[in-house]
Amino acid sequence: QTLQDDIIERTSKGKILAAIQSLKKRCLVEVTGKGFTLQNVILENLTDRLVNEVIREIKSQNICLLNKMPLLQATKPNYIKEAQTRLLLKPVIDQLFDAENFLLAVIDKIHSTSDFLIGYAAGNVFNLACKSGLDLRRFDFSNLELRYSL
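Residues numbered from 1 in each chain as written. Predicted model: local features only at pLDDT ≥ 70, side-chain atom pairs only at ≥ 80, totals over all residues. Heavy atoms only, no water.

(A) Quick look at the packing of helix α3 (residues 40–60) against helix α5 (residues 78–95). Two elements in contact, α3 and α5, have axes separated by 10 Å at closest approach and are oriented at 45 degrees. By the angle between their directions, the pair α3 and α5 is classed as oblique. Crossing handedness for the pair α3 and α5: right-handed. Every residue of α5 that contacts α3 at Thr 47, Leu 50, Val 51, Asn 52, Val 54, Ile 55, Ile 58 and Lys 59 is listed here: Leu 87, Leu 88, Pro 91, Val 92 and Gln 95. Partitioned by chemical class, the residues of the contact of α3 with α5 number 9 nonpolar, 3 polar and 1 charged. (Axes fitted to C-alpha atoms, helices over the stretch in contact; angles between N-to-C directions. Helix = DSSP H or I, 4+ residues; strand = E, 2+ residues; numbered from the N terminus. Parallel < 35°, antiparallel > 145°, perpendicular 65-115°, else oblique. Left-handed = near helix turned anticlockwise from the far one by under 90°. Contact = heavy atoms within 4.5 Å. Nonpolar A, V, L, I, M, F, W, Y, C, P; charged D, E, K, R; others polar.)

Structure (structure tokens):
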């Protein structure tokens, strides 16, 4: 149920379970007492790819993945938020040399495109700006849904 709650696009439980079973057959997913987990090598590869794609989307303002998934889940326990900050937010921040201007441009894009009013993009920008130590007064988050924001 938790996985389904985190997916923006409506996806049936059956499709989610079929995808997990497919990954399990290929030995990419392991079953644990708490659910499913990816093997470490797969998780590291996907994390690197996610960070690189998020950076590309922010720089190009061609937002897709940034709107479909949270980089930080504020409702999770602290150890998970700390891991997400260390593995996702910090690498993105470290590789955006002019983070403030890039993030301001993304917020402008979100305001001008109705497709992004529902999703994680605004919350992701908010979290990146917070973790970057940027002055949030420069950002216009009015009328935006800040999902999973700090």
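(B) Spatial organisation of the nonpolar core. If you look at the biggest cluster of nonpolar residues, it comprises 29 residues, and the most contacted ones within it are Ile 58, Val 92, Ile 110, Val 125, Leu 128 and Phe 139. At the level of secondary structure, the elements contributing two or more residues to this core comprise α3, α5, α6 (99–112) and α7 (121–132). For Val 92, the residues in contact, after removing those within four places along its chain, are Val 51, Val 54, Ile 55, Ile 58 and Leu 128. (Core = buried A, V, L, I, M, F, W, Y, C linked by side-chain atoms within 4.5 Å. Buried < 20%, exposed > 50% of the residue type's maximum accessible area, 1.4 Å probe, protein only.)

(C) Spotlight on the packing of aromatic side chains. Taken as a whole, this structure holds 2 aromatic pairs when the rule is applied. With centroids separated by 5.3 Å and ring planes inclined at 75 degrees, the aromatic side chains of Phe 126 and Phe 141 adopt a geometry described as edge-to-face. Taken together, the residues Phe 126 in helix α7 and Phe 141 in the segment after α7 connect sequence positions 15 residues apart. The class of Phe 141 is buried, set by a relative accessible area of 13%. With 5.7 Å between their ring centres and 15 degrees between their planes, Phe 139 and Phe 141 make a pair best called stacked. For Phe 139, a relative accessible area of 6% corresponds to the buried category. Here a set of aromatic residues connected by ring pairs shows up, and it is made of Phe 126, Phe 139 and Phe 141. In this structure, Arg 147 is placed above the aromatic ring of Tyr 120, and the distance from its NZ or CZ to the ring centre is 4.8 Å. (Phe/Tyr/Trp six-rings, centres within 6.5 Å; stacked < 30°, edge-to-face > 60°. Lys NZ or Arg CZ within 6 Å of the ring centre and 35° of its normal.)

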